[in-house]
Number of protein chains: 2
Amino acid sequence: MKKTFYTPIEVGDYKITDNFWKAKLDIVKDKMIPYQWEALNDRIADAAPSHCIHNFKIAAGMEEGAFAGCVFQDSDLAKWLEAVGYILLYKKDEELETIADSVIDIIEKAQQPDGYLDTYYIINGLDKRWTNLTDHHELYCAGHMIEAGIAYYNGTGKEKLLEVVKRLADCIDGTFGPEEGKIHAYPGHEIVEMALVRLYETTGQRRYLKLAQYFIDERGKEPLYFKEEIEKNGRSFYWERSLFQYQYYQAGKPVREQKTAEGHAVRAVYLYSGMASVAKETGDETLTAAVKELWENVTRRQMYITGAIGSSDYGEAFTFDYDLPNDEIYGETCASVGLIFWARRMLEMELKGEYADVIERALYNGCLSGMSQDGTRFFYVNPLEVNPEACRKDQRKSHVAVERQKWFGCACCPPNLARLIASLGNYACAFSENTMAVHLYIGGEIKTPFGNTRLIVDSNFPWEGKVKIKVIGGGGNFNLALRIPGWARGYTVTLNGEPTEGSCREGYLHLRRDWKDEDELTLEFPMRVEKNYANPNVKSDLGRVALTRGPLVYCLEEIDNGKGLTKIGIKEHAGYQLAADGMEAGEVDIITQGTIADDSGWGESLYRFDGPPNLNEIMLKFVPYYLWNNRGTGEMIVWIKDC
Amino acid sequence: MKKTFYTPIEVGDYKITDNFWKAKLDIVKDKMIPYQWEALNDRIADAAPSHCIHNFKIAAGMEEGAFAGCVFQDSDLAKWLEAVGYILLYKKDEELETIADSVIDIIEKAQQPDGYLDTYYIINGLDKRWTNLTDHHELYCAGHMIEAGIAYYNGTGKEKLLEVVKRLADCIDGTFGPEEGKIHAYPGHEIVEMALVRLYETTGQRRYLKLAQYFIDERGKEPLYFKEEIEKNGRSFYWERSLFQYQYYQAGKPVREQKTAEGHAVRAVYLYSGMASVAKETGDETLTAAVKELWENVTRRQMYITGAIGSSDYGEAFTFDYDLPNDEIYGETCASVGLIFWARRMLEMELKGEYADVIERALYNGCLSGMSQDGTRFFYVNPLEVNPEACRKDQRKSHVAVERQKWFGCACCPPNLARLIASLGNYACAFSENTMAVHLYIGGEIKTPFGNTRLIVDSNFPWEGKVKIKVIGGGGNFNLALRIPGWARGYTVTLNGEPTEGSCREGYLHLRRDWKDEDELTLEFPMRVEKNYANPNVKSDLGRVALTRGPLVYCLEEIDNGKGLTKIGIKEHAGYQLAADGMEAGEVDIITQGTIADDSGWGESLYRFDGPPNLNEIMLKFVPYYLWNNRGTGEMIVWIKDC
């Protein structure tokens, strides 16, 4: 049987119009992209300079100077250009396009005759290129630049950057591979794998897919390339004393032997995304099985309820099954973004609700929490429990910023958020030969591949569970696959006001019929406040609950509930009131009854044996997690005591 | 009013005979001291060499070679000699004494004409001495050597080492002080302060007390000596990026301005011990107030129920109030030993049960846990919760050894335990002009300062709460102050079989009378199994309980209760059975009913909202915490769920 794949629709084929996401897209377009452009040009006062554009100008022979910034600084420009490419599909902007075109000219000038493109080595000496694959980021920057080339081509139809990245990919293809005389290696920081598959999908050139496949198959083979490279260079191995060794780079063993997610979380999910892409395009069953096993490991044993991943600051890494500390978490914004990349690729292979559930979980919680409401400040680390005193006094929590920052020396997260939001349509629905699958209920207009048929989605997600989908532009015989979110206890569906039925498989309601113009489906997913429990092996959450409503995780903040949030518990049979007095349009807050352990009557001693502390009754106000820390610095908690 | 001080009785004045402690003393004498002697001489197979004796021989001109080992390696020999001095009071041993005498000869030979004694600088160049007070340990080694000199003099009456350390102290006194031409500094690692006070008490030479006082008063004054020294030496500051900065050394501000315990825990409690000693001897009220405030901070907000201190591996340090993670703890054995040093010195100033309670808590739990039952293996770190998988896979817990080790490159803990146990009498009772105070009920014979009166203590602590105290050798009019342990809910006391009464003040029962020969007191402290709760601000323990019985903290081990100990809870109204089938003579284990959260029926997902996990009933077996890990590697937990 031929396998069915689900191709994400193009970004431009989903015109997003709903209040929630339109506001975010406007922030990306009006705030983040201009702000990041200023940052790339070192024009943000009291923020670390990026040096990025300056590096490109030096590499292009337009300015003098030395390379500055991180070795992967080029990727910031690439991510910015990718976001620009997508955002131009949301709203045309000639001025922005002119700026982007002019910077693409600089990139083209910086590119070497053989296609090589990395300003660090162009400036510091090309003779040294490809000699530090372990810790330098030439292939990583290349991966981002390839994504930028494709996005900008999609967004504008202009081929210049696409041609640049094809030459770059060809240069890499000429350098790496199994053939004699080529380097038998793979990147220290993954991403080029998934980018190369996209380049294959865009250009039809199979060599790009083969190169991605090579990078994945070669990874972690004995003798370890990174080990030999480090010895050859006479460098010291940064992770010498670490527990993960080469698994920091997911390079300690072949990818098919990696049963649990290990090492640097962003690298890991970028690799797994590449594995999924290659598995889909090649039909490699062992690779498919490997990436599914990793998926189960991450989503069933190493993922926070917010979709955050990476339990430890040390190595910004995964640790082990069920280790999910809420306060010492790393939970990098980029890692949640990467998890979404990966989930979408799993969804391309298999239409299963669990993949879309993870996209939704990470998107509305662990990703959106990375930016302030106004889009000018960002979190790198996304904790589920914060006590500012602890962050000031305990080195183990000193990586947790107690408020969002303007910019970062290593500014990977803000542009990663920008490119994700700008390309949201990519994650919201997909099609196969005869199916249109809707993953996320984002209000807007979707172009289907079936004639001129379009779908108008009317939704007030994440605040309300009611969705209307109207067929316009014709209709036709196709299957509409509508995701039943994992958080919904049941659903109702009507067609033109009449009850209708479909078949429910793997988290999707399939409705196959001759769709007529003006057909209107109404879906309703009851959005209840739910008390979530974690698997009892998660010791950080045992005896605790987290409230969710629809796709949103909720939290308590000090500004609403006072200090000492860890002492708060929820009452067993408390009801919930919804309140809409929040800081964001449509926002739904949750009011309920709780208790707080009383330390005032505790007395002098640290320990006592005359019974547990008294519990005083209090009213609790929960707000959506992604909105925390928009009203000043203070404590925050997601998992609270269940009693 | 003249202040009353309580002078600890001399080690030799408490002949310990009870089963529990006699066994430990025999281990120190027959196992630890010989083993450590082998270690000092680099004769332990597959253990890191100490180099210690070799360094002394080189410094004495008896052997050739370079200094090796840690900069504070000399202190290992000093601690060994101190333990030998005390243990010879427990049991004479000519062979051991001969070995000790011969090594003292070497030390004397190594000492420089001006009294200087530190093999690192004697070997590497005396011109550099006193130039790295921040991170080198000349004054620390001197402090330990002074303690050794006093102990060996007490133990044998031999003055050679005492003379050596007096010359050493005089050399230090000639080097440091407020006078022009002297160095205005203080040690990076404290201990010399309390040693100098002891030397003052032993010799009557007030200059030693003044020097101790100087080190304490000078500490942390602006401009910071360590800062200037580091700048002068052009070295980098190791704690540059740390949150505690110079408070790592308790040297960021004057000691009287230090309101919370900060930095390296062992250094801290050694300093506080010195502060208490100086405060007592000088009557300095601001110093007394300062050390009391620190005492309250540590014992009411930064101490584990086992008497462990030092919440963080980073800097082996204190963190902040109520931060007491059970699995990421440092809890160094030496820190609990130091806490006992400090508590005893507080008790010298004030007869208050809370000080003795801390001695008992740390002694029977956080200290004894540092050694294996047979006295040949040691813990450096004493966690209250261990999952071996976490220690192998999570860098944050990689400092927690999952089993006791033979020896350490930095072997401070084993000899520190040896010297503590060997001098136990020092901590067990004290006297003032008209009072004999019994702090710990250790079976044996106590020589009082009242004529020839002695007390025979008959006790089966920590297993039974009944104690008999018999007066022999005369009697007389004095006050007997008997500690009522903090864990006892009441007590009964009879004199010669008849109920008697005294006055109870600050945790001591005072019985003043004309004691007659053969008078016999019987005290009974009911030893109940108690469910302990922590102050609700201790988030690691909230919703959890720890079982204690008498002075002992109990724990669950995997070998008795299976894997997944964090999932275990105690039932609300469970009764307790006592069992005496343990590994140690007299051991009392606790059997009770508990629950375990069921993960088998949990299903596939990490999070769910259809109720908490099921609880299955199980029988639980608790064993004394200090005995954990004597039956193989596995999980262990002290604080378990309360439900």
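The structure displayed is predicted, hence computed values, not measured ones.

Trainee: Before we move on, could you go through the sheet that holds strand β9 (residues 475-483) of chain A and cite the residues and values that matter?
Mentor: Residues and elements named next belong to chain A. Spatial strand order, β1-β4-β5-β9-β13-β12: six strands in an open sheet with mixed pairing. Edge positions in the open sheet fall to β1 (7-8) and β12 (503-505), since each of these has one partner strand only. Pairing between strand β5 (residues 435-438) and β9: four bridges, direction parallel. When the sheet's bridge partners are listed, A437 is paired in β9 with A481. Strand contacts of helix α14 (residues 353-367): β9 and β13 (508-516), with the helix running at about 65° to β9, the strand carrying the most contacts.

Trainee: So, the interface of chain A and chain B: which residues are in play, and what are the values?
Mentor: Each side of the interface is counted separately: chain A has 67 residues, and chain B has 67 residues. Both faces combined, the contact of chain A with chain B buries some 5300 Å², and carbon together with sulfur accounts for 58% of it. When residues of chain A are sorted by the area they lose upon contact with chain B, L606, Y607 and F609 of chain A head the list and together hold 17% of the total. Counting the contacts that link chain A with chain B gives ten salt bridges. Across the pair K539 of chain B and D327 of chain A runs a salt bridge whose closest N-O atoms are separated by 2.6 Å. Linking chain A with chain B are 30 residue pairs in polar contact (both at pLDDT 80 or more), by the criterion used here. Counting only elements with at least two residues in the side of chain A that touches chain B, the list comes to α12 (285-301), α15 (388-393), β15 (529-534) and β21 (607-608) of chain A.

Trainee: Got a sec to walk through the packing of helix α3 (residues 74-90) of chain B against helix α6 (residues 138-156) of chain B? Specific residues and values, please.
Mentor: Residues and elements named next belong to chain B. Two elements in contact, α3 and α6, have axes whose closest approach is 7 Å; the angle formed by their N-to-C orientations is 20°. It follows from the interaxial angle that α3 and α6 lie roughly parallel. Note that α3 runs across α6; the crossing there is left-handed. Residue-level inspection shows D74, S75, A78, K79, L81, E82, V84, G85, Y86, L88 and L89 of α3 in contact with α6, the latter providing Y140, C141, H144, M145, E147, A148, A151, Y152, N154, G155 and T156. Taken together, the residues of the contact of α3 with α6 break down into twelve nonpolar, six polar and four charged.

Trainee: Can you tell me about the relation of the copies chain A and chain B, naming the residues and giving the values?
Mentor: In screw terms, the move from chain A to chain B is a rotation of 180° and a rise of 0.0 Å along the axis, fitting with an RMSD of 0.0 Å. Taken together, the rotation angle and the small translation identify this as a two-fold axis. In this assembly the copies share their binding face: 100% of the residues contributing to the interface of chain A also contribute to that of chain B.

Trainee: With reference to specific residues and values, describe the nonpolar core.
Mentor: Within the largest apolar cluster, 229 residues are counted, with the highest numbers of intra-cluster contacts made by L77, W80, Y272 and W342 of chain B. The residues contacting Y272 of chain B, other than those within four sequence positions of it, are Q250, T260, A261, E262, V291, L294, V298 and W342 of chain B. By size, the runner-up hydrophobic cluster in this structure holds 224 residues, among which are M32, L40, A59 and I484 of chain A.

Trainee: Could you give an account of helix α8 (residues 192-203) of chain A, naming the residues involved and the relevant values?
Mentor: Residues and elements named next belong to chain A. Given a rise of 1.5 Å per residue, twelve residues ought to cover 16 Å, and the 16 Å separating the end C-alpha atoms of α8 matches this to within 8%. When you tally the buried positions in α8, you get nine out of twelve residues, the bulk of the element. Along α8, the residues classified as buried are V192, E193, M194, A195, L196, V197, R198, L199 and Y200. For α8, the secondary structure elements touched by its buried residues are α3 (74-90), α6 (138-156), α7 (160-175), α9 (206-218), α11 (265-282) and α13 (333-349).

Trainee: Which residues make up the packing of aromatic side chains, and what values do they have?
Mentor: Across all of its chains, the model carries 76 aromatic pairs over all chains by this definition. Both rings, one in F379 of chain B and one in W628 of chain B, keep their centres 5.2 Å apart while their planes meet at 15°; by these two values the pair is stacked. One end of the pair, F379 of chain B, is in the loop between α14 (353-367) and β3 (385-386); the other, W628 of chain B, is in the loop between β22 (615-624) and β23 (636-637), and 249 residues separate them in sequence. The residues F379 of chain B and W628 of chain B share a single accessibility class, namely buried. By way of ring pairs, the aromatic residues Y186, Y225, F226, Y238, W239, F244, Y248, Y249 and Y314 of chain A are connected into one cluster. Over the ring of Y116 of chain A we find R129 of chain A; its NZ or CZ atom is 4.5 Å from the centre of that ring. R513 of chain B extends its terminal NZ or CZ atom over the ring of W515 of chain B, reaching a point 5.4 Å from the ring centre.

Trainee: Can you break down the pattern of salt bridges residue by residue, with the values?
Mentor: All names here are of chain A. One pass over the structure, following the stated rule, counts 123 salt bridges over all chains. Where E557 meets R631, a salt bridge forms, and the shortest distance between an N and an O atom there is 3.0 Å. Linking E557 in strand β17 (residues 552-557) with R631 in the loop between β22 (615-624) and β23 (636-637), this pair joins segments that are 74 residues apart in sequence. In this structure E557 comes out as buried when scored by relative accessible area, which is 3%.

Trainee: So, the side chain of E584 of chain A: which residues are in play, and what are the values?
Mentor: Residue and element names in this part refer to chain A. Tracing the backbone shows E584 in the loop between β19 (576-579) and β20 (589-597). The class for E584 is buried, based on a relative accessible area of 14%. Of note is the side chain of E584, whose polar atom sits 2.6 Å from the side chain of Y626. What E584 contacts, discounting residues up to four positions off in sequence, is F20, K24, Q373, Y626 and L627.

Trainee: Explain the side chain of K397 of chain B to me, using residue names and the numbers behind them.
Mentor: Mapping K397 of chain B onto the fold places it in the loop between α15 (388-393) and α16 (413-422). Within the local environment of K397 of chain B, its side chain forms a polar contact with the side chain of E328 of chain B, the two groups lying 3.5 Å apart.

Trainee: So what's going on with the domain arrangement of chain A? Which residues, and what values?
Mentor: All names here are of chain A. When cut into domains, chain A gives domain 1 (7-428), domain 2 (433-524) and domain 3 (529-642). Taking only C-alpha atoms into account, the centre of domain 1 sits 32 Å from that of domain 2. Each partner contributes to the interface: domain 1 provides 22 residues, whereas domain 2 provides 25 residues. Contact between domain 1 and domain 2 buries roughly 2000 Å² in total, counting both sides, with carbon and sulfur atoms accounting for 60%. Sorting the residues of domain 1 by area buried against domain 2 places Y14, L351 and E360 first, and these three jointly supply 29% of that buried surface.

Trainee: Talk me through the UniProt feature "domain: Non-reducing end beta-L-arabinofuranosidase-like GH127 middle" (unreviewed entry) in chain A; I want residue IDs and the actual numbers.
Mentor: The positions UniProt marks with the feature "domain: Non-reducing end beta-L-arabinofuranosidase-like GH127 middle" (unreviewed entry) are residues 436-527 of chain A. Here residues 436-527 of chain A is 0% helix and 57% strand, with 25 Å between the C-alpha atoms at its ends.

Trainee: Describe in detail the environment of N326 of chain A, supporting the description with residues and values.
Mentor: Residue and element names in this part refer to chain A. When you line up the elements, N326 lands in the loop between α12 and α13. Given a relative accessible area of 3%, N326 falls into the buried group. Along the sequence, N326 and T202 sit 124 residues apart, while their C-alpha atoms lie 41 Å from each other. Aside from chain neighbours lying at most four places away, what touches N326 is Y304, P383, L384, E385, S540, D541 and W639.

Trainee: Residues and numbers for the pairing of β22 of chain A, please.
Mentor: Residues and elements named next belong to chain A. Summarising the sheet, β17 and β22 pair through three bridges and their orientation is antiparallel. Within β22, the position partnered with C555 by the bridge is V623. When β20 meets β22, the two strands line up antiparallel, connected through eight bridges. Paired with T592 across the bridge in β22 is L620.

Trainee: I'd like a description of the environment of L224 of chain B, backed by residues and values.
Mentor: Residue and element names in this part refer to chain B. With respect to the helices and strands, L224 occurs in the loop between α9 (206-218) and α10 (225-233). With relative accessibility at 8%, the residue L224 sits in the buried group. In the structure, L224 is positioned 22 residues away from Y246 in sequence and 8.7 Å away in space, judged by C-alpha atoms. Beyond its immediate stretch of four places on either side in the chain, L224 contacts Y186, Y246, A251 and G252.

What counts as what
- Position numbers for residues count from 1 along each chain, tracking the sequence in the order it is written.
- Chain letters start at A and ligand numbers start at 1, both assigned in the order the entries are written.
- Local features in this predicted model are restricted to residues of pLDDT 70 or higher, and side-chain atom pairs are both shown and tallied only at a pLDDT of 80 or more, whereas totals for entire chains, interfaces and linings draw on every residue.
- Computation of side-chain values covers all heavy atoms of the structure but excludes hydrogens and water.
- The pairing criterion for strands is at least two bridges between them, as found by DSSP.
- Helix and strand assignments follow DSSP, with helices taken as H or I runs no shorter than four residues and strands as E runs no shorter than two, numbered in order from the N terminus.
- Residues count as neighbours in contact if any of their non-hydrogen atoms are within 4.5 Å of one another.
- Geometry is summarised by axes, namely lines fitted to C-alpha atoms with helices restricted to the contacting stretch, and by angles between N-to-C directions that run from 0 to 180 degrees.
- The quantity reported as buried area is the accessible area (1.4 Å probe) lost by two parts once they are put together, taken as the sum for both.
- The working definition used for a salt bridge is a side-chain nitrogen of Lys or Arg within 4 Å of a carboxyl oxygen of Asp or Glu.
- Polar contact is defined as a pair of N or O atoms within 3.5 Å, subject to the rule that within protein one atom must be able to donate a hydrogen and the other to accept it, and that residues adjacent in sequence are counted only when both atoms are side-chain atoms.
- Oblique is the label for any angle not under 35 degrees, not over 145, and not in the 65 to 115 range, which are roughly parallel, roughly antiparallel and roughly perpendicular in turn.
- Here a crossing is taken to be left-handed if its near helix is turned anticlockwise relative to the far helix by less than a right angle, and right-handed if that turn runs clockwise.
- Lys, Arg, Asp and Glu make up the charged group, whereas Ala, Val, Leu, Ile, Met, Phe, Trp, Tyr, Cys and Pro make up the nonpolar group; the residues left over, Gly among them, are polar.
- Copy-to-copy alignment: least squares on C-alpha atoms, limited to residues at pLDDT 70 or above in both.
- We call a set of buried Ala, Val, Leu, Ile, Met, Phe, Trp, Tyr and Cys residues a nonpolar core when their side-chain atoms join them within 4.5 Å.
- Exposed residues in this analysis have more than 50% of their type's maximum accessible area, buried residues have under 20%, and partly exposed residues fall in between, with area computed by a 1.4 Å probe over protein chains only.
- Expected helix span is taken as 1.5 Å per residue step, with the number of steps being one fewer than the number of residues.
- Stacked, tilted and edge-to-face are the three classes assigned to paired rings of Phe, Tyr and Trp, where Trp is represented by its six-membered ring and a pair needs centres within 6.5 Å; plane angles under 30 degrees give stacked, over 60 edge-to-face, the rest tilted.
- Criterion for a charge above a ring: Lys NZ or Arg CZ within 6 Å of the ring centre, and within 35 degrees of the ring normal.
- A domain assignment, automatic or from a database, supplies the domain bounds used here.
- UniProt positions are given in the numbering used here, feature names are shortened, and annotations may be inferred rather than shown by experiment.

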